[in-house]
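Analysis of the macromolecular model
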Amino acid sequence: MKRIGFLIAVLVTAASAVTAKDVVVRSGEHDGFTRLVFDVPPDTRWVLAQRKNGASLTIALDDVTFKTGSVFGRLTTNRLASLSQKNPGSALELEFGCNCVASAFLYRNSMIVLDIAPGELLPPLLEDIPPPLIGKTAQGKPPSVETGLHLPLLTMTEQGIKDQLSTRLLQGADRKLLDLKLAPVGPRNTAPSGTSVVAPQLSSNLRLTTVLDDLQNVLNAELQPIDQRPACISTAELSFASWSGDSPFPDQVSAHRSGLYKEFDKLDDEKAMKLAKLYASFGFGAEALSVLRLLETPPEGFEPVAAIARVVDNRPPLPRNPFNDLQRCDGDAALWAMLSESELAPDANVEAIEHAYSRLPDHLRRQLGPRLSEILVNAQQLEAARRILRSVDRIEPETTSGVAQAKASVAKAEGNSDREEELLTEVITSTNAATESPLALARLVEKRWSERKAVSSQELELAASYAVEFRRSELGLMMNRTYAIALSLSQEFDRAFDVIKAQPPGPDSGGAINRHLQLLAERSDDATFLRQTMEAMQPDMAAVLTTDTAIALASRLADLGFAQQTFALANRPEDQSRRLDRARLRARAALLSGRPHQALLELADDNSEEANALRAQAMVSTEDFAAAGDMLRDLEQNEAASRYFWLAGVSDERLEPAGGKYAALNQTTQALSDLPERLAEKPLADAENLLKDSQSARQRIDEMFNAVGVK
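Residues numbered from 1 in each chain as written. Predicted model: local features only at pLDDT ≥ 70, side-chain atom pairs only at ≥ 80, totals over all residues. Heavy atoms only, no water.

1. Comments concerning the overall build of the protein chain
We count it as follows: Numbering of helices and strands runs from the N terminus; a helix is a DSSP stretch of H or I covering at least four residues, while a strand is a stretch of E covering at least two. Under the scheme applied here, a residue whose accessible area is under 20% of the maximum for its type counts as buried, over 50% as exposed, and between as partly exposed, the area being computed with a 1.4 Å probe on protein chains only. Areas reported here follow the Shrake-Rupley algorithm with a probe of radius 1.4 Å; residue values treat only the protein chains shown as occluding.
Scanning the protein chain from terminus to terminus reveals 30 helices and 9 strands. Per-residue burial for the protein chain yields a buried fraction of 38% across its 711 residues. Total accessible area on the protein chain stands at roughly 41600 Å², and carbon and sulfur atoms take up 53% of it.

2. Things to note about the state of the cysteines
So the rule is basically this: Cysteine sulfur atoms that come within 2.5 Å of each other are treated as a disulfide pair.
In the structure shown here, the tally under the stated rule is 2 disulfides. Each sulfur in the disulfide pair Cys98 and Cys100 lies 1.9 Å from the other. Judged by the torsion about the S-S bond (-80 degrees), the Cys98/Cys100 disulfide is left-handed. We classify Cys98 as partly exposed; its relative accessible area is 23%.

3. Topic: the packing of aromatic side chains
Worth spelling out the cut-off: Stacked, edge-to-face and tilted are the three classes for Phe, Tyr and Trp ring pairs, Trp counted by its six-membered ring, which pair at centre distances within 6.5 Å; planes under 30 degrees apart are stacked, over 60 edge-to-face, the rest tilted. The criterion for a charge sitting over a ring is simple: Lys NZ or Arg CZ within 6 Å of the ring centre, and within 35 degrees of the ring normal.
In total, this model carries 7 aromatic pairs according to the counting rule given. Centre to centre, the rings of Phe249 and Phe282 are 4.5 Å apart; their planes meet at 45 degrees, and the pair counts as tilted. Linking Phe249 in helix H5 (residues 249-258) with Phe282 in the loop between helix H6 (269-281) and helix H7 (285-292), this pair joins segments that are 33 residues apart in sequence. Taking the ring centre of Trp449 as reference, the NZ or CZ of Arg515 above it sits at 5.2 Å. Residue placement shows Arg556 over the ring face of Phe529; its charged tip is 4.6 Å from the ring centre.

4. Looking at the nonpolar core
The line we're drawing: Definition used in this section: a nonpolar core is a set of buried Ala, Val, Leu, Ile, Met, Phe, Trp, Tyr and Cys residues joined via side-chain atoms within 4.5 Å. Contact between two residues is taken to exist if any of their heavy atoms lie within 4.5 Å; hydrogens are not considered.
Grouped together as the largest cluster of nonpolar side chains are 61 residues, with contacts concentrated most on Leu292, Ile308, Phe323, Trp336, Leu344 and Leu372. For this core, the elements supplying multiple residues, two or more each, are H6, H7, helix H8 (302-312), helix H9 (332-341), helix H10 (350-358), helix H11 (362-378), helix H12 (382-395) and helix H13 (401-414). Element by element, the count of residues in this core is highest for H8, at 8 residues. Leaving out residues up to four positions away in the same chain, Ile308 has contacts with Leu238, Phe240, Trp243, Ala280, Phe323 and Trp336.

5. Some details on helix H20 (residues 526-536)
Residues spaced three or four apart along an α-helix face the same direction, because each turn holds 3.6 residues. In plain terms, the rule: This arc describes the spread of directions from the helix axis toward the C-beta atoms. For this analysis, a polar contact is any N or O atom pair within 3.5 Å, provided that within protein one partner can donate a hydrogen and the other can accept it, and provided that sequence-adjacent residues contribute only side-chain to side-chain pairs.
Those residues of H20 not exposed but buried are Thr528, Phe529, Gln532, Thr533 and Ala536. Each buried residue of H20 lies within a common arc of 115 degrees when the element is viewed along its axis, so the set occupies one face. The elements touched by buried residues of H20 are helix H18 (493-502), helix H19 (507-523), helix H21 (539-542) and helix H22 (547-560). For H20, the side-chain oxygen to backbone nitrogen distance between the N-cap and Ala527 is 3.2 Å, and the N-cap itself is Asp525.

6. Observations concerning the confidence of the model for the protein chain
For residues with low pLDDT, the predicted coordinates do not support detailed interpretation. Rules: Each residue carries a pLDDT value, the predictor's own confidence for that position, ranging from 0 to 100.
Taken residue by residue, the protein chain gives an average pLDDT of 78. The fraction at 70 or more is 74%. For residues 185-198, every residue scores under 50 in pLDDT, and the model assigns this stretch 2 contacts once sequence neighbours within four places are set aside. Across residues 217-226, where pLDDT falls below 50, the model places 13 contacts with residues more than four positions away in sequence or in other chains.

7. With respect to the packing of helix H15 (residues 436-451) against helix H16 (residues 457-469)
The condition is simple: Axis angles are defined between N-to-C directions and span 0 to 180 degrees, where every axis is a line fitted to C-alpha atoms and, for a helix, only to the segment in contact. What sets the label is the angle itself: under 35 degrees gives roughly parallel, over 145 gives roughly antiparallel, 65 to 115 gives roughly perpendicular, and the rest give oblique. For any helix crossing, the convention is left-handed if the near helix is rotated counterclockwise from the far helix by under a right angle, and right-handed if that rotation is clockwise. Throughout, the ten residues Ala, Val, Leu, Ile, Met, Phe, Trp, Tyr, Cys and Pro are labelled nonpolar, Asp, Glu, Lys and Arg are labelled charged, and all others, Gly among them, are labelled polar.
For the pair H15 and H16, the least separation of the axes is 11 Å and the interaxial angle reads 130 degrees. Taken together, the axes of H15 and H16 are oblique relative to one another. At the point where H15 passes H16, the crossing takes the left-handed sense. Residues Ser437, Pro438, Leu441, Leu444 and Arg448 of H15 form the contact with H16, whose own contacting residues are Glu459, Leu462, Ala463 and Tyr466. Taken together, the residues that form the contact of H15 with H16 break down as 6 nonpolar, 1 polar and 2 charged.

8. Focus on the side chain of Glu459
Within the fold, Glu459 resides in helix H16. Using a relative accessible area of 16% as the deciding quantity, one classes Glu459 as buried. Residues contacting Glu459, with those up to four places away along its chain left out, are Leu441, Leu444 and Arg448.

9. Some words on the environment of Leu439
Residue position: Leu439 is located in helix H15. Residue classification places Leu439 among the partly exposed residues on the basis of a relative accessible area of 30%. With 43 residues separating them in the primary sequence, Leu439 and Thr482 have C-alpha atoms 9.7 Å apart. What Leu439 contacts, discounting residues up to four positions off in sequence, is Gln405, Leu475 and Met478.

10. Things to note about the pattern of salt bridges
As a reminder of what qualifies: A pairing counts as a salt bridge when a side-chain nitrogen of Lys or Arg comes within 4 Å of a carboxyl oxygen of Asp or Glu.
Applying the stated criterion to the full structure yields 39 salt bridges. The partner of Arg515 in a salt bridge is Glu446, with the nearest N and O atoms 2.9 Å apart. Residue Arg515 is found in helix H19, and its partner Glu446 is found in helix H15; the two are separated by 69 residues along the sequence. On the accessibility criterion, Glu446 (19% relative accessible area) is buried.

11. Observations concerning the sheet that holds strand E7 (residues 92-96)
Threshold: Strands are treated as partners if at least two bridges between them are detected by DSSP.
Read across the sheet, 4 strands follow the order E3-E4-E7-E6 without closing on themselves; strand pairing throughout is antiparallel. A single partner strand is all that each edge strand has here, and the edge strands are strand E3 (46-51) and strand E6 (80-84). The mean inter-strand angle of the sheet, taken between neighbouring strand axes irrespective of direction, is 15 degrees.

12. Section: the side chain of Thr34
Looking at the element boundaries, Thr34 is found in strand E2 (residues 33-39). A distance of 3.0 Å separates polar atoms of two side chains, one belonging to Thr34 and the other to Arg79. Ignoring anything within four residues of it in the chain, the contact list for Thr34 reads Gly28, Glu29, Leu75, Thr77, Arg79, Leu114, Asp115 and Ile116.

13. Comments concerning the environment of Lys86
With respect to the helices, strands and loops of the structure, Lys86 is situated in the loop between E6 and E7. Measuring from C-alpha to C-alpha, the distance between Lys86 and Thr65 comes to 10.0 Å, with 21 residues separating the pair along the chain.

14. Re the packing of H6 against H7
At a closest axis distance of 7 Å, the pairing of H6 and H7 adopts a crossing angle of 165 degrees. Between H6 and H7, the angle is such that the two are roughly antiparallel. For the element pair H6 and H7, the recorded crossing hand is left-handed. For the pair formed by H6 and H7, the contact residues are Ala272, Met273, Leu275, Ala276, Tyr279 and Ala280 on the first element and Glu287, Ala288, Val291 and Leu292 on the second. Split into classes, the residues belonging to the contact of H6 with H7 amount to 9 nonpolar, no polar and 1 charged.

15. Brief notes about the sheet that holds strand E8 (residues 100-107)
Taken together, 5 strands build an open sheet; the order of strands is E5-E1-E2-E9-E8 and the sheet is mixed. Strands with a single pairing partner mark the edges of an open sheet, and in this sheet they are strand E5 (65-67) and E8. Each neighbouring strand pair of the sheet contributes to a mean axis angle of 25 degrees, computed without reference to strand direction. Strand direction decides the pairing type here: E8 and strand E9 (residues 111-118), joined by 8 bridges, are antiparallel. Its bridge partner lying in E9, Tyr107 is registered against Met111.

So, in structure tokens, the structure goes:
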């Protein structure tokens with residue numbers, strides 16, 4: 001048994017050592033800032049280095065690899081433009097799409113929280129202040145590790161803190177930021193405990209500040225204050241398990257409803273609360289809310305009951321959600337917080353959420369399991385999502401449409417495209433899927449669009465029927481968008497464009513426009529593309545075009561030679577991402593307009609092969625054939641490079657291969673440039689030499705024309 005225990009310990013240690021090299025990066029959008037969260041082992045050292053519109057994060061883990069695949073899927077702003085890591089073990093490089101700065105702090109000793117917010121990167125205000133005098137490190141103790149966050153008080157000894165405080169006070173006095181009134185040398189009386197520091201003539205609710213208090217936010221601009229967080233609601237306080245009894249549901253409802261009103265038709269608040277809790281615990285959220293509306297004065301515990309009733313009925317939470325920011329808690333409140341917020345928080349206690357879910361009654365696990373799994377999948381918690389679905393399968397004899405859609409989400413996150421399509425098709429063809437079938441069809445069409453695959457005729461007809469059937473419901477706009485995308489995938493671009501133009505403005509209309517125009521740029525004929533693109537560039541429709549759509553349209557327009565329209569789409573001020581792609585398109589537009597020097601300016605920061613090919617075109621336009629040949633030689637376009645070397649009249653050494661066509665042309669050109677030998681003293685011989693040279697020149701010119709394909 002000792003050997004087995006030792007072996008298990010070794011395996012666990014090895015597994016943790018392997019997984020410690022992978023740092024999962026999660027993301028989220030908040031009002032005013034974008035947040036990234038890095039899960040690291042406890043006591044991991046790290047450094048955040050700032051630069052203009054960017055930053056780099058270094059973590060002290062050997063061969064660390066940052067998993068950033070799901071970061072941009074949850075971001076809606078352009079504060080974060082790109083993430084990159086050159087190789088395992090190197091720093092994570094962050095590029096910002098705005099004038100932003102980054103700040104970071106360590107949470108729970110195992111999560112690095114990095115926030116990106118608009119701001120200017122300013123040099124430290126205290127650069128000219130010498131460092132504080134700190135005593136030598138005690139022998140046997142390692143020196144404190146410098147991190148990206150300037151938190152000296154967390155690493156100093158008590159004497160070090162006193163020394164630094166004294167230094168700062170003296171510096172403040174020298175700069176006349178504060179006055180020091182030192183007491184004379186000698187014994188001083190200690191103020192008795194409980195003595196108020198406020199003068200008797202002043203009110204105790206006054207707040208005294210100094211200039212140092214005003215500078216606090218400036219001196220610590222790199223650290224965002226952590227907001228006060230609400231206290232957790234304990235499982236015992238919520239007591240969700242006691243909301244219903246063991247007797248059948250109709251008997252419990254009858255018992256509570258029979259005593260709901262007292263004499264004079266006065267509502268019994270206690271019975272009403274019990275009835276609302278009973279409805280909520282059995283998944284009847286609308287009924288629970290209707291009972292709660294009967295209460296004139298909300299009693300204690302009203303808000304959690306109303307919030308859970310809205311969760312089980314899949315309604316949006318109220319502004320004052322009692323479970324807001326409680327996903328970090330250890331009890332049942334973490335589950336209800338995640339379901340009410342519909343997303344997994346960076347500091348969520350996933351283990352507590354799963355335990356709370358396992359304690360729910362079977363009917364609520366069946367009802368809430370698919371929704372919970374979808375949230376976990378969106379947060380890349382695939383194993384937790386699988387456990388939730390396995391729990392549903394154990395209590396559900398047949399797979400319902402909701403569970404099938406949740407499994408399809410897991411399959412999509414795993415990259416199992418065939419399994420995802422199989423599950424979505426199962427939901428679409430199910431006779432019991434009333435509202436799930438149109439949602440599954442919408443997801444299937446989106447999947448076909450992302451994979452650029454066609455839809456079947458049956459799926460197209462089903463999308464058309466759903467667009468008519470649900471036109472006056474909440475799903476109407478979504479099904480209209482699905483129908484338009486299905487038409488585009490079937491290359492019925494005119495019908496799809498008519499459906500899109502009939503939609504009212506909104507997110508669904510914008511999504512349909514962008515998906516349709518990207519397919520239009522890829523698959524349509526030139527006439528259809530130009531007709532619809534020129535209409536899409538009108539102000540009302542151009543405002544909703546994404547950067548990817550604008551680049552796709554501009555690239556096709558550049559291929560067709562429309563310089564002005566290409567430049568307009570590649571030079572939109574609202575586009576912040578894909579900077580180099582847009583610069584290359586502006587360079588192509590400049591070349592089409594006969595402005596090669598402007599094209600070279602656009603490509604100044606781009607060293608890609610496509611940019612070098614455009615530079616070569618610009619150099620040809622300026623008749624710098626030798627430089628164009630060098631550029632094409634670097635691109636391994638040897639024949640084109642040799643042609644421009646020949647046009648530039650360079651030596652044979654740069655023409656490759658040595659016996660190639662352009663090497664021979666160069667030799668012919670040199671021979672034609674040589675003057676014939678003249679015999680001034682022998683006129684007849686001189687005339688004969690001129691005739692021979694003329695005949696040889698005509699022959700060389702014919703050979704040159706034949707070599708370059710001129711007849």
